[in-house]
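# Observations on the three-dimensional arrangement
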Amino acid sequence: MGDFFDDFTTKVVLPPEAMAKLNELLVTLVADGTPADDGQARYAELLSALLAEQGADLAAAARDNPGFAYIAAATDAGQFGALLAQTGAAAACAADAEAKADAARAGGAESVPGTWEAPPPDAQPETEEDYA
């Protein structure tokens, strides 16, 4: 029986930049209406390249990281379809929020609930003296 920590040597951790690239591809696939089979092939190709940068390959990563949905999506059509559906739902929600914000602004609202706007450039950050 191996050491408890031996199991962690085979786990893949994708850096935030890699996850961003995968998410960007998913958004593009949804926006373009790419067929799922073609999308999964492009997704697997990108994921393979990202894993190779870390010295891993897709087959080993899928075997050693069965609960990682982003890796499973490259090899399992059902998982990829679910990931694509989640991405589509998120994109629809974002588009709906943007449309509501645009409508509120067009109606003369100075601020739109649920959105964040940067403070004006002349705004001073809070300091300790502000609370003295």
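Notes on the structure in this doc start here.

Conventions and cut-offs
Residues numbered from 1 in each chain as written. Predicted model: local features only at pLDDT ≥ 70, side-chain atom pairs only at ≥ 80, totals over all residues. Heavy atoms only, no water. Salt bridge = Lys/Arg side-chain N within 4 Å of Asp/Glu carboxyl O. Helix = DSSP H or I, 4+ residues; strand = E, 2+ residues; numbered from the N terminus. Buried < 20%, exposed > 50% of the residue type's maximum accessible area, 1.4 Å probe, protein only. Polar contact = N/O pair within 3.5 Å; in protein donor to acceptor, adjacent residues only side chain to side chain. Contact = heavy atoms within 4.5 Å. Core = buried A, V, L, I, M, F, W, Y, C linked by side-chain atoms within 4.5 Å. Axes fitted to C-alpha atoms, helices over the stretch in contact; angles between N-to-C directions. Parallel < 35°, antiparallel > 145°, perpendicular 65-115°, else oblique. Nonpolar A, V, L, I, M, F, W, Y, C, P; charged D, E, K, R; others polar.

## Description of the pattern of salt bridges
Under the counting rule described, the total for this entry stands at three salt bridges. Between D102 and R105 there is a salt bridge; the shortest N-O distance is 3.5 Å. One end of the pair is D102 and the other is R105, both in helix α5 (residues 77-106) and three residues apart, which spans about a single turn. Overall, the relative accessible area of 37% leaves R105 in the partly exposed class.

## With respect to the environment of A41
Within the fold, A41 resides in helix α2 (residues 36-52). C-alpha separation for the pair A41 and T75, spaced 34 residues apart in sequence, amounts to 9.2 Å.

## Topic: the side chain of Q40
Here Q40 is to be found in helix α2. Given a relative accessible area of 13%, Q40 falls into the buried group. There is a polar contact of 3.4 Å between the side chain of Q40 and the backbone oxygen of A74.

## Structural notes on the side chain of T87
Within the secondary structure layout, T87 lies in helix α5. Judged by relative accessible area, T87 falls into the buried class, the value being 14%. Reaching out from T87, the side chain makes a polar contact with the backbone oxygen of L83 at a distance of 2.9 Å. Apart from residues lying up to four places away in sequence, T87 is in contact with L26, V27 and V30.

## Examining the nonpolar core
Counting residues in hydrophobic clusters, the biggest one holds 22 residues, and the most contacted among them are L14, L22, Y43 and L47. Broken down by secondary-structure element, the contributors of at least two residues to this core are α1 (16-32), α2, α3 (58-64), α4 (69-75) and α5. Here the element with the most residues in this core is α1; it accounts for six residues. If near-sequence neighbours (up to four positions away) are discounted, L47 is found in contact with L14, L22, L58, Y70, I71 and A74.

## Focus on the packing of α1 against α5
Close contact between α1 and α5 brings their axes to 9 Å; oriented N to C, the two are set at 80 degrees. Judged on the interaxial angle alone, α5 and α1 are roughly perpendicular. The segment α1 lies against α5, with L26, V27, L29 and V30 engaging F80, L83, L84, T87 and G88. A class-by-class count of the residues in the contact of α1 with α5 yields seven nonpolar, two polar and no charged.

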